[in-house]
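# Observations on the model geometry
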Amino acid sequence: MKVRVQFSKHGVMKFIGHLDMMRYFQKAIRRAGIDIAYTGGYSPHQIMSFAAPLGVGMESDGEYMDIEVHSHNGAQAMMTSLNGVMAEGVRILSVRALPEHTKNAMASVAAAGYLVRLRADMRPGFVTQEALEQFLARPSIPFTKQTKKKETELDLKPAIYKLYMEGDAVFMLVDAGSAGNIKPAMVMEALYREHGETLPPFALEITRTETYLDMGTDGHKKLAPLRDAGEDF
């Protein structure tokens, strides 16, 4: 049976990178006594896949991994067993069974929600609801994405689904699929440039609130949390 596990990542664990988180969960699953399935061959490994990797330094309430198990005692027992061996800062939030032929977590990602806070001593006066509305109302939001090998010119506007103030933080819902994959820092950098400013290093405190799949049909987008692809068991 395929199972989708939702977990949160906070505190010092935000500094643990994606590959180390994979190794962490491999060991945690063994400690929890989960009857996980392994691949065949000379070097078997646990059948496990993660949704969109979280950047180092970000916290999250919407992380997901898929595993395959041979047997189980129910979702609640599995969640209790896993939480019993979690390190401080990581918490299992839900465990759901996936129907046959469901896309794996990584292939399912369509969008992600983020709360972005600016450190108190680095918050400029132009980060307001009015400024965000004006920013999103622009016909296009050009951005130059720099990689080690090349520069790519992007228009961020089609990839920003929501952008507004939530308390003292900026909430954004953005494209996180393989084709778009917009990072919150890119949006904030473009906002700063709009006001003739440069985003200072380490100014942002980012929390991923949820990771979404697209359950729409006929080209109509209908976003839902990744856990909604599963069912209770």
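All values derive from a computational prediction rather than experimental measurement. (Residues numbered from 1 in each chain as written. Predicted model: local features only at pLDDT ≥ 70, side-chain atom pairs only at ≥ 80, totals over all residues. Heavy atoms only, no water.)

### Comments concerning the packing of aromatic side chains
Using the criterion set out here, one finds six aromatic pairs in the structure. An angle of 55 degrees between the planes, with centres 4.7 Å apart, marks the rings of Phe 7 and Phe 25 as tilted. On the criterion of sequence distance, the pair formed by Phe 7 in strand β1 (residues 2-9) and Phe 25 in helix α1 (residues 18-31) is long-range, its members being 18 residues apart. The class of Phe 7 is buried, set by a relative accessible area of 3%. Aromatic side chains Tyr 24 and Phe 25 sit 5.2 Å apart centroid to centroid with 75 degrees between the ring planes, which places their arrangement in the edge-to-face category. Across the pair, exposure class does not vary: Tyr 24 and Phe 25 are buried alike. Grouped by ring-pair contacts, the aromatic residues Phe 7, Tyr 24, Phe 25 and Phe 50 constitute a single cluster. (Phe/Tyr/Trp six-rings, centres within 6.5 Å; stacked < 30°, edge-to-face > 60°. Helix = DSSP H or I, 4+ residues; strand = E, 2+ residues; numbered from the N terminus. Buried < 20%, exposed > 50% of the residue type's maximum accessible area, 1.4 Å probe, protein only.)

### Brief notes about empty space enclosed by the protein
As enumerated under the stated definition, the model contains one cavity of 30 Å³ or more in all. Within this model, the largest cavity holds a volume of roughly 110 Å³. Lining the largest cavity are 13 residues, with Phe 7, His 18, Met 21, Leu 54 and Glu 63 positioned closest to its centre. Counting only elements with at least two residues in the lining of the largest cavity, the list comes to β1, α1 and β3 (59-68). Among the residues forming the lining of the largest cavity, the class breakdown is nine nonpolar, two polar and two charged. (1 Å grid on protein atoms, 1.4 Å probe; cavity = no way out; pocket = protein on both sides within 12 Å on 5 of 7 lines; lining within 4 Å. Points joined across faces, edges and corners; volume = space filled by probe spheres on them. Nonpolar A, V, L, I, M, F, W, Y, C, P; charged D, E, K, R; others polar.)

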